[in-house]
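Next come the chains, spelled out residue by residue.
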Amino acid sequence: MIPAQFDYVAPTSVEDALAALAEHGDDAKIIAGGQSLLPVLRMRLNAPETVIDLGRIDSLRGIRDDGDALVIGAMTTHHDVRTSDLVREHAGVIAKATDLLADSQIRHRGTFGGALAHADPAGDLGAGALSLGAEFVIAGSGGTRTVPASEFFVDFFETAIGDDEILTEVRVPKHTGWGSHYEKFVRIVHQWPIVAVAATVRVEGGTIAEARIGLTNMGSTPVRATGVEESLAGAEATEDGVRAAADRAAEGTDPPSDLNGDADYRRHIATVLTRRAVLAAAGA
Ligand SMILES: Cc1cc2nc3c(=O)[nH]c(=O)nc-3n(C[C@H](O)[C@H](O)[C@H](O)COP(=O)(O)OP(=O)(O)OC[C@H]3O[C@@H](n4cnc5c(N)ncnc54)[C@H](O)[C@@H]3O)c2cc1C
């Protein structure tokens, strides 16, 4: 289908984009890579009067080293995240999740910030961002504010970004030297996961010293598997050592039931994937 008619503006600065948002209010919609928004417009599930394209704002693009964190601009494409040596070295689980996100065409158009702002609970990037303790920098007419990942994801397709605000960048604390793995379970390659697990672990002498575990599609937002993290601390990095901790993966989750599987099936899959992801991250 063809989208309903809309006006199109392409500002070259965040200030101009915010001014356009303020001018058009509820009738405006931001477009980043368009990989999620355009299908919505084509199906006429949304019909904004004005579309504000962030594609010409150069300051929103790029990845920089900022001491103990990486800063990823909201308009950085999945391809650029995936091929970044900085991301692979300091936030490996994000690079690995991006390896498995959609296909090459979509990774060249879709953006890191767009995917996180879209907040699809089956999106591949939220679990890694949440588990690594990312912070989201959001610009509005009153200046910028920083929101922790634990407060950024609010509900299905809902984040802390206000209607008159723009996500500008995401700060990801470095986990240099930690092992990482993203285990994604799909029926059809290049699709959204039925369930997935983002694991980042620090191993010392064959023992897991610390772990950061995030779950995809196990609730209305990405979920941090804190029970697993607690049980992994001090566990041997072996199949037997990890099993009991991984069995806690479904604690506190509220997975959906759909044609791909019911909630109980997802709870079971989450424990299996968590075990695999942790062992792979630990290099065991
Ligand atoms: C066939 C197909 C397969 C896919 N498979 C996967 C997959 O396996 N895993 C996965 O995770 N994703 C998948 N995707 C989605 C893809 O990752 C998109 O790139 C992503 O969801 C949206 O990024 P975007 O830059 O295209 O955002 P857009 O589509 O442009 O925008 C998405 C939403 O975010 C808002 N938004 C965007 N940027 C900002 C910002 N800076 N500030 C505030 N609001 C903003 C927009 O207003 C819109 O509501 C798939 C998409 C397609 C079409």
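To be clear, the structure that these remarks concern was listed above.
Reading guide: rules and limits
Residues numbered from 1 in each chain as written. Predicted model: local features only at pLDDT ≥ 70, side-chain atom pairs only at ≥ 80, totals over all residues. Heavy atoms only, no water. Phe/Tyr/Trp six-rings, centres within 6.5 Å; stacked < 30°, edge-to-face > 60°. Buried < 20%, exposed > 50% of the residue type's maximum accessible area, 1.4 Å probe, protein only. Lys NZ or Arg CZ within 6 Å of the ring centre and 35° of its normal. Near = heavy atom within 4 Å. Polar contact = N/O pair within 3.5 Å; in protein donor to acceptor, adjacent residues only side chain to side chain. Areas by Shrake-Rupley, 256 points an atom, 1.4 Å probe, with all protein chains shown as cover. Helix = DSSP H or I, 4+ residues; strand = E, 2+ residues; numbered from the N terminus. Nonpolar A, V, L, I, M, F, W, Y, C, P; charged D, E, K, R; others polar. Pairing = 2+ DSSP bridges.

Moving on, we come to the packing of aromatic side chains. One pass over the full model with this rule turns up three aromatic pairs. With a centroid separation of 5.1 Å and an interplanar angle of 85°, the aromatic rings of Phe-152 and Phe-153 are classed as edge-to-face. By the burial criterion, Phe-152 is buried, and Phe-153 matches it. One cation-aromatic arrangement involves Arg-202 over Trp-178; the distance from NZ or CZ to the ring centre is 6.0 Å.

Not every one of the 30 residues close to the ligand is listed here, only the nearest: Ile-30, Ser-36, Leu-37, Thr-111 and Asp-124. At a separation of 2.7 Å, a nitrogen atom of the ligand approaches a polar side-chain atom of Asp-124. Surface burial for the ligand is 90%, taken as the share of its 980 Å² of free accessible area covered by protein chains. For the shell around the ligand, the leading source of residues is helix α7 (residues 112-118), giving four residues. Tallied by class, residues from the shell around the ligand come to 15 nonpolar, twelve polar and three charged.

Two faces make up the sheet, and in a regular strand the side chains alternate between them. Across the five residues of strand β5 (residues 69-73), five count as buried, placing the element largely inside the fold. Burial of β5 is two-sided: the residues Ala-69, Val-71 and Gly-73 facing one way and the residues Leu-70 and Ile-72 facing the other way are all buried. In terms of strand pairing, strand β4 (residues 63-66) meets β5 through four bridges, oriented antiparallel. Paired with Asp-65 across the two strands is Leu-70, which belongs to β5. Between β4 and β5, which pair antiparallel in sequence order, lie two residues; one of them, Gly-67, sits at a positive phi of approximately 75°. Across five bridges, the pairing between β5 and strand β10 (residues 166-173) is antiparallel. The residue of β10 that forms the bridge with Gly-73 is Glu-169.

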